[in-house]
Amino acid sequence: MIDPFDTLGIAPTFDVDLAAVEKRYRDLSRVLHPDRHVASSPAQRRMSLGKAVEVNEAWRLLRDPIRRAEALLKRHGVEIKEGSEPKADPEFLMEMMEHREALSEARAKRDKEAVLRLAQRIRTREKAALERLSSAFAPGSSESEAIESIVPVLGELRYYRRFLDEVSAIEDG
Amino acid sequence: MALFEIFDPKAPPRPIGIDLGTTNSLVAYVQDGKPQAVVDCDLEVLVPSVVGYDDRGNVFVGRTAQRRALGHPKETIVSVKRFMGRGASDPETARLGPYEFVPPADADANVVRFRVYGRAVTPVEVSADILRVLKKNAEDKLQRVGGAVITVPAYFDDAQRQATKDAGRLAGLEVLRLLNEPTAAALAYGLEKKQDGLFAVYDLGGGTFDITILVLDNGIFQVRSTGGDSALGGDDMDRAVAEVLLGRMGVEEASRTPEVVRLALDAARAAKHSLTDREAVELELPAAGGGSTVVTIERAHFEHLIRPIVERTGVACRRALKDAGVAPEELDGVILVGGATRVPLVRRYVRELFKHEPLADIDPDQVVALGAAVQADLLAGTGPRDEVLLLDVLPLSLGLETMGGVTEKILPRNTTIPVGATQTFTTYADHQTGFELHVVQGERELASDCRSLAKFTLKGIPPMPAGMARLEVTFRVDADGLLHVTARELTTGIEQKVEVKPTYGLDDEAVEQMLLDALDHGEEDLAARRLAEARVEAERIRFATERAFVSDADLLEPGEAERVEREMQNLGEALAGNDASAIQNRVEELDHVTHAWAGRRMNRAISRAMEGKQVSDVEETVAGAKGVEAHLAAEQASAHGGR
């Protein structure tokens, strides 16, 4: 995996200014996109394609808080992949299971209101988790301590995301 | 317009934009910075996408074919686009229509084939016949045609895109890019209005529906999301009305001949057009038992018939808005594209859905081709090298079939292209030397519910115990939205051979064979075409290298300039001859000696972009006002003049 901060030349922090990152992404696309190299040599065309792929990938990683956090951890030598993270807190797991059951029930009953209510509840929790993530990455907190607190939050966020993806699938019919 | 135009043998090749539509096709070009459509000898812009064949090998395209359709319904292919990239047993072949299909046999079940006078014709060939006429019309106007941008529905999958590109190749076009239709329309609007903001493009054509949400900011057209249905359009409205007409005419299901079906479909289309600005339409139709019957269709009845079709577009629109994270109120405008958006019910529906009065001030039939012409002009380097750039997305998720037939997504929909993804696999049996991957496209959980794109077989894995080999497979989607797969075995570093079996569509050999068949003198013509293609490519690279000498000579290392110059000279000598492979070899040599330099130049461009400077400012002064194609033409003209 590429380092998205290096690819876009952005300072590696969690609280990035997404508008500024997007501007950088576009500035790089202007020079690297294959459309700019149709009349170039084959070597340059291949190179531009490769670089454009990297720049697109970097922007995709950076605008997603989970992947952004993963990229930051990777810079500290901590590699976490979905599925390989430590076991989540059993109490949290239990709670999520209950929420998922409620969701499948609402789905079966075609209760749109209930689906929306559940989604709203999870979104609120997601927002709180993102705030915790942001403060864990904030300068000042000791590195090892921070990393320890980040990993479980990331696991939590993944649960929320899967839940919201499911909501999205229900809405799409 | 000049009264007459003098044929100029030195005329530069001109880039063109082609809208290969379901109902109509057209070609456009840029003149003095403005896109305009090409008119044919009858002063018509739109060429009906209708192709007719007779028993003597003649091909009729456009209005001529349309006139023959009633008499030769089976041999006249209408709306061929709906069959592009589809398999022989695709549900599309079972819809109301006058065609006879070659029954799917195992060997060629991956392509629909029409039976025309005992001959089997594929949709790619039919589309190529339309493209040839468009190319000819453009040549009549522009004398020489350069590269072409061909538009495709944004929601076209990989197989449908590949089929379109094959058709372009078969028609003898250099396809610069496949461009999504809504993006092309946005480009035409954006350049005309010069207004930044967030827009929705609602494109309901004859056979396909697209919805695209994009942001226009300072020359960048960035697609946020796209959605649609590649089998939904004005044709479906015609079919709904035709069913009613056939009933009123007293035609039983069993006695539906191709002739009567064609007649009903044509009458339905005429009724749809009339009902755009009239409340009712009267049609005089032949009755089943002889004589005729007058059928009246009122607009309310028509709207009742088509409402389910129109409402199907809403599902895709809501999803696209959600994917883009946009509420209708946040949009700055909604652009209408496609002939079917003339239907009043469609306009009302769009207005309610998006809460905006839709824009339709550029002709919805022409806007896509005009945008394609602008993009062709930009790509060919003849256009103003200003800051216009299109950033488009992958319309449907790409995935792999895993154990149990479940799809594992490797690239989600609405990812900006070009894009890549890498996955690592391992062998499951001792001494396993091959590995099969099944690539699918779509959003469904089960691979069998998604569209099968291809099976990739990796071969030549060194024999190892199970689980030891590590296969790294890279999926890359290029700027045309086409998928490419490469593979590597990580423990040995051996590059794997990837054998692609496309699930739908034609393989390279089949396209090559069609190319041969299409030319009068087969091999001979093909050789001439290869030489011409090699020349164009070589001239382009020569020009690019010369330009680099002016802008980035300081990045050359000691001795490098001499090597590059020597290869440039060698290439020049090869170009004086007529040996295509010699030219290609010299291009490769030049490519080889400029490779490291190109890398340094790319890095300089990146650091300049990061500093906020635009490299195009530098290139602008170098390329001057002429542009690449003009330069090529001058060189070619002088080379030819020397004979």
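### Description of the overall build of chain A
Scanning chain A for helices and strands turns up seven helices and zero strands. Starting at the N terminus and ending at the C terminus, chain A contains elements arranged as α-α-α-α-α-α-α. For 173 residues, the compact-globule estimate of 2.2 N^0.38 gives 16 Å, and chain A exceeds it by more than 25% at 20 Å. Projected onto its principal axes, the C-alpha positions of chain A cover 60 × 45 × 30 Å. Sequence-distant contacts, at least 24 apart, represent 62% of the contacts inside chain A between residues at least 6 apart.

### Section: the overall build of chain B
Helices and strands together make up the secondary structure of chain B, namely 15 helices and 26 strands. Projected onto its principal axes, the C-alpha positions of chain B cover 90 × 75 × 60 Å. A buried classification covers 46% of the 643 residues belonging to chain B. The contacts of chain B with a sequence gap of at least 6 include a subset with a gap of at least 24, amounting to 70%.

### Observations regarding the sheet that holds strand β7 (residues 76-78) of chain B
All names here are of chain B. On the basis of which strands lie adjacent, the open sheet formed by three strands has the order β6-β5-β7 and antiparallel pairing. A single partner strand is all that each edge strand has here, and the edge strands are β6 (59-61) and β7. Going from strand to strand, the sheet's axes swing by 15° on average, the running direction of each strand aside. Strand direction decides the pairing type here: strand β5 (residues 50-53) and β7, joined by three bridges, are antiparallel. When the bridges of β7 are listed, valine 50 appears paired with valine 78. Contacts from helix α2 (residues 123-142) reach β5, β6 and β7 within the one sheet, and its direction differs from that of β6 by about 65°.

### Thoughts on the sheet that holds strand β18 (residues 389-391) of chain B
All names here are of chain B. If you trace the five strands from one edge of the open sheet to the other, you get β17-β12-β13-β14-β18, paired in mixed fashion. Looking along the sheet, the strands with just one partner apiece sit at the ends: β17 (333-337) and β18. Ignoring which end each strand starts from, the neighbouring axes of this sheet average 25° apart. Where strand β13 (residues 209-217) meets strand β14 (residues 220-229), nine bridges bridge the pair, whose relative direction is antiparallel. Each residue of the ladder has a partner; that of valine 215, found in β14, is glutamine 222. Each of β12 (197-204), β13 and β14 is contacted by helix α7 (residues 299-324), which is oriented at about 145° to β14, the strand it contacts most.

### Some points on the confidence of the model for chain A
For chain A, the mean per-residue pLDDT works out to 86, and 91% of the residues sit at or above 70. Model confidence for chain A, summarised as mean pLDDT per element, is weakest for helix α7 (residues 143-172) of chain A at 83 and strongest for helix α1 (residues 4-8) of chain A at 95.

### Examining the interface of chain A and chain B
It is common to give the size of an interface as the accessible area lost on bringing the parts into contact. Listed as interface residues are 26 residues of chain A and, on the opposing side, 35 residues of chain B. Within the residue set of the side of chain A that touches chain B, elements represented by two or more residues are α2 (18-32) and α3 (42-62) of chain A. Sorting elements by how many residues they give to the side of chain A that touches chain B places α3(A) first, with eleven residues. Broken down by class, the residue content of the side of chain A that touches chain B amounts to eleven nonpolar, seven polar and eight charged.

### Things to note about the environment of Thr422(B)
Residue and element names in this part refer to chain B. Take threonine 422: it is sitting in strand β21 (residues 419-426). When the C-alpha atoms of threonine 422 and phenylalanine 475 are compared, they prove to be 6.3 Å apart, with 53 residues separating the residues in sequence. Not counting residues within four places of it along the chain, the set of residues in contact with threonine 422 comprises Glu472 and Thr474.

### Topic: the domain arrangement of chain B
The domain architecture assigned to chain B consists of domain 1 (12-229 + 316-387), domain 2 (234-305), domain 3 (398-507) and domain 4 (519-641). In this structure, domain 2 of chain B and domain 3 of chain B have C-alpha centres spaced 48 Å apart.

### Here's the deal with unusual backbone geometry
Residues and elements named next belong to chain B. The amide bond that connects isoleucine 417 to the next residue, proline 418, takes the cis arrangement and shows omega of 0°. The residue proline 418 is located in the loop between β20 (407-411) and β21 in this model. Even without being a glycine, serine 79 presents a positive backbone phi close to 55°. With respect to the helices, strands and loops of the structure, serine 79 is situated in the loop between β7 and β8 (114-116). Residue classification places serine 79 among the buried residues on the basis of 21 C-beta atoms within 10 Å. Positive phi outside glycine occurs at tyrosine 117, with the angle close to 50°. Within the secondary structure, tyrosine 117 sits in the loop between β8 and β9 (119-121). In this structure tyrosine 117 comes out as partly exposed when scored by C-beta crowding, with 13 C-beta atoms within 10 Å.

### Overview of helix α8 (residues 344-354) of chain B
All names here are of chain B. Every buried residue of α8 is accounted for by Val346, Tyr349, Val350 and Leu353. Within α8, the buried residues cover an arc of 100° as seen down the axis, which keeps them to one side. Among the residues trailing α8, lysine 355 stands out with phi positive, at a value near 55°.

### Concerning the domain arrangement of chain A
The domains assigned to chain A are domain 1 (4-63) and domain 2 (90-172). If you average the C-alpha positions of domain 1 of chain A and of domain 2 of chain A, the two centres end up 31 Å apart.

### Focus: the pairing of strand β3 (residues 34-37) of chain B
All names here are of chain B. Of the two faces of β3, the one holding Pro35 and Ala37 is buried and the one holding Lys34 and Gln36 is not buried anywhere. Pairing between strand β2 (residues 24-31) and β3: four bridges, direction antiparallel. Note that in β3 the partner of valine 30 across the bridge is proline 35. Linking β2 to β3, which pair antiparallel, is a turn of two residues; within it aspartate 32 sits at a positive phi near 50°.

### Re the packing of α2(A) against helix α13 (residues 580-611) of chain B
Axes are the key here: two packed helices are described by the angle between their axes and the distance separating the axes. Running from amino to carboxyl end, α2(A) crosses α13(B) at an angle of 150°, the nearest separation of the two axes being 9 Å. Classified by the interaxial angle, the pair formed by α2(A) and α13(B) is roughly antiparallel. At the point where α2(A) passes α13(B), the crossing takes the right-handed sense. Seen from α2(A), the contacting residues are Asp27(A), Leu28(A), Arg30(A) and Val31(A); seen from α13(B), they are Ala605(B), Ile606(B) and Ala609(B). Its residues placed into classes, the contact of α2(A) with α13(B) shows five nonpolar, no polar and two charged.

About the thresholds
- Residues numbered from 1 in each chain as written.
- Chains lettered and ligands numbered in written order.
- Predicted model: local features only at pLDDT ≥ 70, side-chain atom pairs only at ≥ 80, totals over all residues.
- Helix = DSSP H or I, 4+ residues; strand = E, 2+ residues; numbered from the N terminus.
- Rg over C-alpha atoms; globule rule 2.2 N^0.38 Å.
- Contact = placed C-beta atoms within 7 Å.
- Buried ≥ 20, exposed ≤ 12 C-beta atoms within 10 Å, placed from the backbone.
- Pairing = 2+ DSSP bridges.
- Axes fitted to C-alpha atoms, helices over the stretch in contact; angles between N-to-C directions.
- pLDDT = per-residue confidence, 0-100.
- Nonpolar A, V, L, I, M, F, W, Y, C, P; charged D, E, K, R; others polar.
- Domains from an automatic or database assignment.
- Arc of directions from axis to C-beta.
- Parallel < 35°, antiparallel > 145°, perpendicular 65-115°, else oblique.
- Left-handed = near helix turned anticlockwise from the far one by under 90°.

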